[in-house]
Amino acid sequence: MTVRIIPATLRDLSYIAANLRLEDRTEIDCQFDEWSPALLALTALQGFAYVAELNGNPQAGFGAAEQRGGLWIAWSWGTRRMKRCVPGITAFFHAVLGPQVAAHGAWRVEARALASNELALRWLARLGATQRCRLPGYGRNGEDFLLYDWTRSSDFGSSDFEESWNHVPFSKAAGAEAVATGTDHCRQGRAGARSSPSG
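This write-up is about the structure you can find in this document. (Residues numbered from 1 in each chain as written. Predicted model: local features only at pLDDT ≥ 70, side-chain atom pairs only at ≥ 80, totals over all residues. Heavy atoms only, no water.)

Some details on the pattern of salt bridges
One pass over the structure, following the stated rule, counts eight salt bridges. The shortest N-O distance in the salt bridge between arginine 11 and aspartate 12 comes to 3.2 Å. Through salt bridges with shared partners, one network takes in Arg108, Glu110, Arg112, Arg132 and Asp149. (Salt bridge = Lys/Arg side-chain N within 4 Å of Asp/Glu carboxyl O.)

Observations concerning the packing of aromatic side chains
Per the stated rule, a full pass over the model turns up seven aromatic pairs. Between tyrosine 50 and phenylalanine 92, the ring centres sit 4.7 Å apart and the planes meet at 65 degrees, which makes this aromatic pair edge-to-face. Here tyrosine 50, found in strand β2 (residues 48-54), pairs with phenylalanine 92, found in helix α4 (residues 86-103); they are 42 residues apart in sequence, far enough to count as distant. Exposure remark for tyrosine 50: the relative accessible area of 2% places this residue in the buried category. A cation over an aromatic ring shows up here: arginine 152 above the ring of tryptophan 107, its NZ or CZ 4.0 Å from the ring centre. (Phe/Tyr/Trp six-rings, centres within 6.5 Å; stacked < 30°, edge-to-face > 60°. Helix = DSSP H or I, 4+ residues; strand = E, 2+ residues; numbered from the N terminus. Buried < 20%, exposed > 50% of the residue type's maximum accessible area, 1.4 Å probe, protein only. Lys NZ or Arg CZ within 6 Å of the ring centre and 35° of its normal.)

Points about the nonpolar core
Residues Tyr50, Ile89, Leu97, Val101 and Trp150 are the most contacted members of the largest nonpolar core, which totals 32 residues. Of all the secondary-structure elements, those providing two or more residues to this core are β2, β3 (57-68), β4 (71-78), α4, β5 (108-114), α5 (118-126) and β7 (145-154). Residues Ile6, Ala8, Trp35 and Val51 belong to the second largest nonpolar core, which totals 16 residues. (Core = buried A, V, L, I, M, F, W, Y, C linked by side-chain atoms within 4.5 Å.)

Quick notes on the environment of tyrosine 50
A C-alpha to C-alpha distance of 9.4 Å links tyrosine 50 and serine 76, two positions 26 residues apart in sequence. Polar contacts involving the side chain of tyrosine 50 include one to the side chain of glutamine 100, which spans 2.7 Å. (Polar contact = N/O pair within 3.5 Å; in protein donor to acceptor, adjacent residues only side chain to side chain.)

Some details on the layout of surface pockets
Gaps between atoms show up when a probe of the same size as a water molecule is rolled over them. Approximately 740 Å³ is the volume attributed to the largest pocket. Mapped by element, the contributors of at least two residues to the lining of the largest pocket are α2 (22-29), α3 (37-44), β3, β4, α4, β5 and α5. Looking at side-chain class alone, the lining of the largest pocket contains 22 nonpolar, seven polar and four charged residues. (1 Å grid on protein atoms, 1.4 Å probe; cavity = no way out; pocket = protein on both sides within 12 Å on 5 of 7 lines; lining within 4 Å. Points joined across faces, edges and corners; volume = space filled by probe spheres on them. Nonpolar A, V, L, I, M, F, W, Y, C, P; charged D, E, K, R; others polar.)

Things to note about the pairing of β5
Judged by how many residues are buried, β5 sits mostly within the fold: five of seven residues are covered. Relative to β5, β4 runs parallel, the two being bridged by three bridges. Across the sheet, the residue bridging to leucine 71 is arginine 108, located in β5. The parallel pair β4 and β5, bridged by α4, forms a crossover whose chirality is right-handed. (Pairing = 2+ DSSP bridges. Right-handed = clockwise from strand over helix to strand, strands pointing away.)

Structural notes on helix α1 (residues 10-18)
Because the α-helix completes a turn every 3.6 residues, residues three or four places apart line up on one side. The complete set of buried residues in α1 reads Asp12, Leu13, Ser14, Ile16 and Ala17. Where α1 is buried, its residues contact β1 (3-7), α2, α3, β2, β3 and β4. (Contact = heavy atoms within 4.5 Å.)

A few points about α5
Every buried residue of α5 is accounted for by Ala120, Leu121, Trp123 and Leu124. Taken down its axis, α5 places every buried residue within 165 degrees of arc, on the same side. (Arc of directions from axis to C-beta.)

Observations regarding the side chain of threonine 79
Relative to the assigned elements, threonine 79 resides in the loop between β4 and α4. Beyond its immediate chain neighbours, meaning those up to four positions away, threonine 79 contacts Ile16, Asn19, Leu20, Arg21, Pro58 and Gln59.

Some points on the environment of arginine 11
Counting through the fold element by element, arginine 11 comes out in helix α1. A relative accessible area of 68% places arginine 11 in the exposed class. Residues arginine 11 and proline 58 lie 47 residues apart in sequence; the distance between their C-alpha atoms is 9.6 Å. Within the structure, arginine 11 has its side chain in polar contact with the side chain of aspartate 12 (distance 3.2 Å).

Everything listed here is a matter of coordinates, which is why it stays silent on function.
Following this line, the structure appears as structure tokens:
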């Protein structure tokens, strides 16, 4: 079983979205009035987007997108085989995605999960996110969600400037994009939605 993290493409994300596991389909269904796999995939290509492949087949999409200066939204969804990719995604989150987001000026990264999605809630906790509050009636049919976040704190008085996100240490962000296979340095992989070079 080989897990490989690669930059997302519209094709891979569309495949994953068309084959979502029940928990993710339920969570997505209650956040959109109407959606299709292609629309979900296209929306996911904003910001940083990655795919976890299992034995060469796309099984999970994940990433983070900037909502406004300093505020980012993290997301993930996958097929029924996504569970096998979670350790690889978790390691990539800490080694690459977190530093990328930090390097682009994030002060806060949020994630929302359906309150009944136990798998997502446990994973967010393992990723070091802090549960902030319940969002009653957040879903289009009145479903409750939970809001999680990571916030950056900086010790500017230290000679060795280290950033941390809710006590989860990340390596320095310099060169983090180069770790991701095939990135084009445009804040995205090969199918990047943004065309201006990152600065």
